[in-house]
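# Chain and residue survey
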Amino acid sequence: MAPEKKSNGLDNYAFSIEGVEHFCDGKGGQGLVQSETDRRRKLVYCVTDVPPWYLCIILGIQHCLTAFGGILAIPLILSQGLCLQHDGLTQSHLISTIFFVSGICTLLQVTFGVRLPILQGGTFTFLAPSMAMLSMPEWKCPAWTQNASLVNTSSPVFIEVWQSRMRELQGSIMVASCLQILVGFSGLIGLFMRFIGPLTIAPTISLIGLSLFDSAGINAGNHWGISAMTTALIVAFSQYLRHIAVPFPSYSKAKKFHTSRMYIFQILPVLLGITLSWLICYLLTIYDVLPSDPEQYGHMARTDLKGDVLGQAPWFRFPYPGQWGLPTVSLAGVFGIMAGVVSSMVESVGDYHACARLSGAPPPPKHAINRGVGMEGIGCLLAGAWGTGNGTTSYSENVGALGITRVGSRMVIVASGFLMVIMGIFGKVGAIFTTIPTPVIGGMLLVMFGVISAAGVSNLQYSDMNSSRNIFIFGFSMFSGLVIPNWIIKHPGAIATGVIELDQVLLVLLTTSMFVGGFFGFILDNTIPGSKSERGIVAWKEAHNEDAGETVESGEVYDLPFGLSARFSSSSWVRYLPFCPSAGPTPQQRPPEDAGSPETKEEVGKSDPTASSVGVAL
């Protein structure tokens, strides 16, 4: 007997094998899958579905853990330029602040931005210009700050040293974020999308994962045994054990206490893999199996390396704007951060398409992309005002988590946003997660970045890859996106135009693989002669055209919440706002042939597989 359903149509026991499982139909709605092949291809929860509250919390924790490595690494790396190497308590405050702001920006993005289940967090594209600015002669750290015995963290002199640098960084980020707000809400990104096809999106998304192989390798290389164990656990849970149902105690008014079987490995592979590896590292630490000497291999796998942060962090601390003082602005910093803003926007557009693809949502229309980019600009403005020393962007790691778990509900990301805000307010909670060893994070990144790279390559299905033209464009774009940044990083002095600001702009752009690969893909695809069918524009527009924004399914995903779209659609001036959905025909107004013609049915049938999880293909 099928499990009882609520009035909203959601399955109370979504993963019970006693009845028919709840799987997404890949078009933003729900459907019951009849065949085993279709069942494996469908999502568990689509973008508009609402899982039970306890699953939202558990899956939200998983997304927080997935993003934790990137969010935590940014303030720790930035602390070197801020002269905070020996001030663990201030580092903990920075970590709490970036978690707090990331949670707020995530809630804004999911609610009023692009409205996809995409988590917001600190961006690595801002680190290069930030460190370049802080390495200038006037901001170089005094020699005494490098000696732990000479640093008095409560001294007004030391506090002014790092806060003056933070305020300069804050002002530059706030001014540069205005560019992203302008580009997003003015609709310029949406206009560019008509020139962007699969040969531009594919290298951009793929290089998001491929360009970070060094970061994953460095973290994993601290202890390859622990990293391999983490990777093996995540792969085993997400691929080999995902169809095994585990009995769990449940309670309902009808059946009282009973056991309900759930596909726990399918929806929580990352959380289970990290938690088990973390627990094993803790046991190896308390029994001194892992070396305590920092010079020995495997020391970074210990869980007690940041024990002082846990002890010093306060239980309650509320971050607020201007907590480090009034921000200041420098022209060099603004121009450098603007280069990071451009790279972040290019990366985010690719993330939107990948996220929609992995969450069962229709392709994002122009107005949703405009809102998403503009909202990220507002997020960077808030991050600068709060003093994270960084901006915010869409997190590729969490897009990869969607592909593995096959849970694309945006309510899960809403739960993640609230959890990050709580972690930012309660300092002890955030400090606990600093004990996750870097090898465990490295093992997780090996899986996450692989899924992202595969999601990017999958966009080539729209193009004719038997064409030598397309093979050249994709191959050259990918190879250039790896070679040029790698060479520039090894030879930073090669860029010397005599203008410091211009040098910083070129340095950031040419060391961002996603920008280099996407730039070459964009230029070559739009200049080398080729038919629209050969380029994949015809098939691309069938799945990603602007009219997709007028369908009922797309409206449920991308329209503004609280009925704002319906209210605005009655006003004629709304069509002049590029970030608002335009009024489209209702289902009753559509011609019958739109919904029932064989051509339309054939197109729908072709488009369904594209919304299935790329992680399943692994």
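Residues numbered from 1 in each chain as written. Predicted model: local features only at pLDDT ≥ 70, side-chain atom pairs only at ≥ 80, totals over all residues. Heavy atoms only, no water.

Looking only at helices and strands, the protein features 27 helices and six strands. Taking all 618 residues of the protein together, the buried fraction comes to 56%. Partitioning the contacts of the protein with sequence separation of at least 6, the portion at a separation of at least 24 is 79%. For the protein, the exposed surface amounts to about 25400 Å²; the carbon and sulfur share of it is 66%. (Helix = DSSP H or I, 4+ residues; strand = E, 2+ residues; numbered from the N terminus. Buried < 20%, exposed > 50% of the residue type's maximum accessible area, 1.4 Å probe, protein only. Contact = heavy atoms within 4.5 Å. Areas by Shrake-Rupley, 256 points an atom, 1.4 Å probe, with all protein chains shown as cover.)

A few words on the packing of aromatic side chains. Throughout the structure, instances matching the rule amount to nine aromatic pairs. For the ring pair W53 and Y54, a centre distance of 5.9 Å and an interplane angle of 85° mean the geometry is edge-to-face. Given the relative accessible area of 31%, Y54 is considered partly exposed. Pairing F237 with F265 gives two aromatic rings, centres 5.2 Å apart and planes at 15°, and the pair type is stacked. In this pair, F237 is assigned in helix α9 (residues 224–240) and F265 in helix α10 (residues 264–267), connecting sequence segments 28 residues apart. Each member of the pair, F237 as well as F265, is classed as buried. An aromatic cluster of three or more residues is present, and its members are F472, F476, F519 and F520. (Phe/Tyr/Trp six-rings, centres within 6.5 Å; stacked < 30°, edge-to-face > 60°.)

In this structure the tally under the stated criterion is one disulfide. Between the sulfur atoms of C83 and its disulfide partner C141 the distance amounts to 2.0 Å. Between C83 and C141, the S-S torsion sits near -100°, and that sign places the bridge as left-handed. Note that C83 is positioned in the loop between α2 (53–81) and α3 (88–112) and C141 in the loop between α4 (127–134) and α5 (156–186), a separation of 58 residues in sequence. Taking the relative accessible area as the measure of exposure, C141 reaches 18% and is therefore buried. Here C105 is not cross-linked by a disulfide; its sulfur's nearest cysteine counterpart is in C380, at 7.6 Å. (Disulfide = S-S within 2.5 Å.)

Remark: helix α8 (residues 213–220) packs on helix α18 (residues 438–457), axes separated minimally by 7 Å, with the N-to-C direction vectors making an angle of 145°. Along this stretch, α8 crosses α18, giving a crossing that reads as left-handed. Residues S215, A216, N219 and A220 of α8 form the contact with α18, whose own contacting residues are T438, P439, G442, L445, L446 and F449. Tallied by class, the residues present in the contact of α8 with α18 amount to six nonpolar, four polar and no charged. (Axes fitted to C-alpha atoms, helices over the stretch in contact; angles between N-to-C directions. Left-handed = near helix turned anticlockwise from the far one by under 90°. Nonpolar A, V, L, I, M, F, W, Y, C, P; charged D, E, K, R; others polar.)

Another point: unusual backbone geometry. Positive phi outside glycine occurs at C83, with the angle close to 65°. Phi angles above zero are rare outside glycine, and R115 is one such case at about 70°. Tracing the chain through its elements places R115 in the loop between α3 and β3 (120–121). Residue R115 is classed as buried on the basis of its relative accessible area of 10%.

The next point concerns the pattern of salt bridges. This model, assessed by the stated rule, comprises five salt bridges. Put simply, R167 and E160 hold a salt bridge, and the shortest N to O gap is 2.9 Å. The exposure class of R167 is buried, given its relative accessible area of 14%. Residue D525 pairs with R469 through a salt bridge whose shortest N-O separation is 3.1 Å. Of the two residues, D525 sits in helix α21 (residues 513–527) while R469 sits in helix α19 (residues 468–490), which places them 56 residues apart along the sequence. Take D525 and R469: they sit in the same class, and that class is buried. (Salt bridge = Lys/Arg side-chain N within 4 Å of Asp/Glu carboxyl O.)

Let us now look at the side chain of S227. Relative to the helices and strands, S227 is located in helix α9. S227 gets classed as buried once you look at its relative accessible area, which sits at 0%. Not counting the four nearest positions on each side in its chain, S227 is found in contact with N219, A220, P439 and G443.

With that out of the way, let us pick up the environment of G322. Its location among the elements puts G322 in the loop between α12 (307–312) and α13 (331–358). A relative accessible area of 29% means that G322 is categorised as partly exposed.

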